[in-house]
Structures are given as C-alpha cells and as structure tokens.
Amino acid sequence: MLIGYARPYSSDPHCEEQFKLLTNMNCDKIISDDQTSNQGKNLKNMMNTLSPGDTIIVVKLFAFADSTRHLAKLLNAIEDKGAKFLSLKEDIDTSKNIKGSLKDIIYRIVEFESDIISEKTKIGLSEAKQKGSIPGRPRIPDENVNRAIEMYQSKEYSLSEIKNETGISKTTLYRYLEKKQ
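All values derive from a computational prediction rather than experimental measurement.

Trainee: Would you take a moment to explain the overall build of the chain for this structure?
Mentor: Looking only at helices and strands, the chain has eight helices and five strands in total. The N-to-C order of helical and strand elements in the chain reads β-α-β-α-β-α-α-β-β-α-α-α-α. Whereas a compact globule of 181 residues would reach a radius of gyration of roughly 16 Å, the chain reaches 26 Å, over 25% beyond that. With the C-alpha coordinates aligned to their principal axes, the bounding extent of the chain is approximately 80 × 40 × 25 Å. Expressed as a percentage of the 181 residues in the chain, the buried residues total 31%. Taking contacts inside the chain between residues at least 6 apart in sequence as the whole, the part at least 24 apart equals 64%. Put simply, the chain shows about 11,700 Å² of open surface, and 51% of that area lies on carbon and sulfur atoms. Within the chain, one finds 28 positive and 26 negative side-chain charges whose respective centroids are separated by 2 Å.

Trainee: Before we go on, may I ask you to explain a nonpolar patch on the surface in this structure?
Mentor: There is a patch of nonpolar side chains on the surface, built from Tyr 152, Leu 159 and Tyr 174 and spanning about 230 Å² of accessible area. Tracing the backbone through its elements, the reader meets Leu 159 in helix α7 (residues 159-166).

Trainee: What's the story with the packing of aromatic side chains in this structure? I'm lost.
Mentor: For any pair of aromatic rings, geometry is given as the distance between the ring centres together with the angle between the planes. Inspection of the entire model under this criterion finds four aromatic pairs. When the ring of Tyr 9 is compared with that of Phe 62, the centres are 6.0 Å apart and the planes differ by 70 degrees; the resulting orientation is edge-to-face. Here Phe 62 lies in helix α3 (residues 61-64) and Tyr 9 lies in the loop between β1 (2-6) and α1 (16-24), a separation of 53 residues in the sequence. For Phe 62, a relative accessible area of 5% corresponds to the buried category. A centroid spacing of 4.9 Å and a plane angle of 35 degrees characterise the contact between Phe 64 and Phe 85, whose relative ring orientation is tilted. Taken together, the positions of Phe 64 in helix α3 and Phe 85 in strand β4 (residues 84-87) put the pair 21 residues apart, joining distant regions of the chain. Since its relative accessible area comes to 1%, Phe 85 is described here as buried. Members of the aromatic cluster, joined through ring pairs, are Tyr 5, Phe 64 and Phe 85. Above the ring of Phe 62, the side-chain terminus of Arg 7 is found at 5.3 Å from the ring centroid. One cation-aromatic arrangement involves Lys 60 over Tyr 9; the distance from NZ or CZ to the ring centre is 4.8 Å.

Trainee: Where do I start with the side chain of Arg 7 in this structure?
Mentor: Positionally, Arg 7 belongs in the loop between β1 and α1. From its side chain, Arg 7 meets the backbone oxygen of Phe 62 in a polar contact 2.6 Å long.

Trainee: Is there a simple way to think about the packing of helix α6 (residues 142-154) against helix α8 (residues 170-180) in this case?
Mentor: How two helices pack is summed up by the angle between their axes together with the distance between the axes. For the pair α6 and α8, the least separation of the axes is 10 Å and the interaxial angle reads 85 degrees. In terms of their interaxial angle, α6 and α8 are classed as roughly perpendicular. Of α8, the residues touching α6 (which contributes Val 145, Ala 148, Ile 149, Tyr 152 and Gln 153) are Leu 173, Tyr 174, Tyr 176, Leu 177 and Lys 180. Looking at side-chain class alone, the contact of α6 with α8 contains eight nonpolar, one polar and one charged residues.

About the cut-offs
- Residues numbered from 1 in each chain as written.
- Predicted model: local features only at pLDDT ≥ 70, side-chain atom pairs only at ≥ 80, totals over all residues.
- Heavy atoms only, no water.
- Helix = DSSP H or I, 4+ residues; strand = E, 2+ residues; numbered from the N terminus.
- Rg over C-alpha atoms; globule rule 2.2 N^0.38 Å.
- Buried < 20%, exposed > 50% of the residue type's maximum accessible area, 1.4 Å probe, protein only.
- Contact = heavy atoms within 4.5 Å.
- Areas by Shrake-Rupley, 256 points an atom, 1.4 Å probe, with all protein chains shown as cover.
- Lys, Arg positive; Asp, Glu negative; His and termini not counted.
- Charge placed at Lys NZ, Arg CZ, Asp CG, Glu CD.
- Patch = residues over 30% accessible without salt bridge, like charges linked within 9 Å, V, L, I, M, F, W, Y side chains within 5 Å.
- Salt bridge = Lys/Arg side-chain N within 4 Å of Asp/Glu carboxyl O.
- Phe/Tyr/Trp six-rings, centres within 6.5 Å; stacked < 30°, edge-to-face > 60°.
- Lys NZ or Arg CZ within 6 Å of the ring centre and 35° of its normal.
- Polar contact = N/O pair within 3.5 Å; in protein donor to acceptor, adjacent residues only side chain to side chain.
- Axes fitted to C-alpha atoms, helices over the stretch in contact; angles between N-to-C directions.
- Parallel < 35°, antiparallel > 145°, perpendicular 65-115°, else oblique.
- Nonpolar A, V, L, I, M, F, W, Y, C, P; charged D, E, K, R; others polar.

In structure tokens, the structure reads:
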C-alpha cells in the first residue's frame, strides 16, 4: 500500500501542494496532521499500523521529521516493519540503493537541517510579530543620529565624547555619514 503523509509548514500551510503531489503518486491513502511544530497522533498511528510492503511517501523530509535524530528513528521503525520510504524532494527511496555519493547524501541531510532551521525561524518571527515585536536591530532615535552628526561635523568633539553623549558608536556614525553623502 502507498501511504502519503503530509504536515503543514509555512510555504504550504494547508498541505494543498503536498496533497496534489501525493495524489499524483497514486497513494492509496493520504494521512496528515494539522500541527506545524509537533508530530501529531496521525503519524504515530500510521507508524504503528505499517505492514510489510507498505511505502510511506512524503514530499519533503521536513514534513516527516523534526530533526535528523527523529528521521533516523522513523526510518529504523519503517525498516523494522518491512516497509519502505520515499521522499520526493530529496529523491530518497529506500526500496532501492540510495543513489549518489556520500557527498550527495550529506548534502541532502544538510538541506533537511536547513529546512528545519528555516521553518523554526519563520515560526518564531511570526509569533514575535503577533506579539507586537519588531524583528531586527532596534532603531536609533533620529534626534540622536542628527545630534551625533552635528557634533562630528563641528569637529569640537572626539568620537568617544560623541558616543558617550548620544550612544552612537563610531561605526554607526560613519554608516549614517555615508548615507548622507
């Protein structure tokens, strides 16, 4: 039996793209979880009911596992049950010898880890914005910048005096001076 598994992530929050690709793979059934950050009960149920000869198909490794350790655990469980695994994006098919050199395999794992970091960053930024936090470096009040520029151009103050009075470092001051030119 071909079993598709989908889980929402930021670029496919409703699993629509995953459902389309899994349907094109002629999956006998498609299982999904509605949680984005934690693996849900449907994945656990799917893993518990796997039979020898079944194949789990995912669009991306990231939709299947949350970490390299979690992926290894799931792949071991699939192998122990006599089932197979196929990831479309990474072109990993355990029913065949994994094609590619060690370098290619490591590249796939690095890509997987990068997807995890990217997704967690997007979730964190989204949560921060919802709480009203503005990501990035804090803005320096314009009056401090203008005061620092005036002090610098007057040539009456040293850079350390400018920094002590305005809180603007030499590097930041020079960056603003370059923008004014």
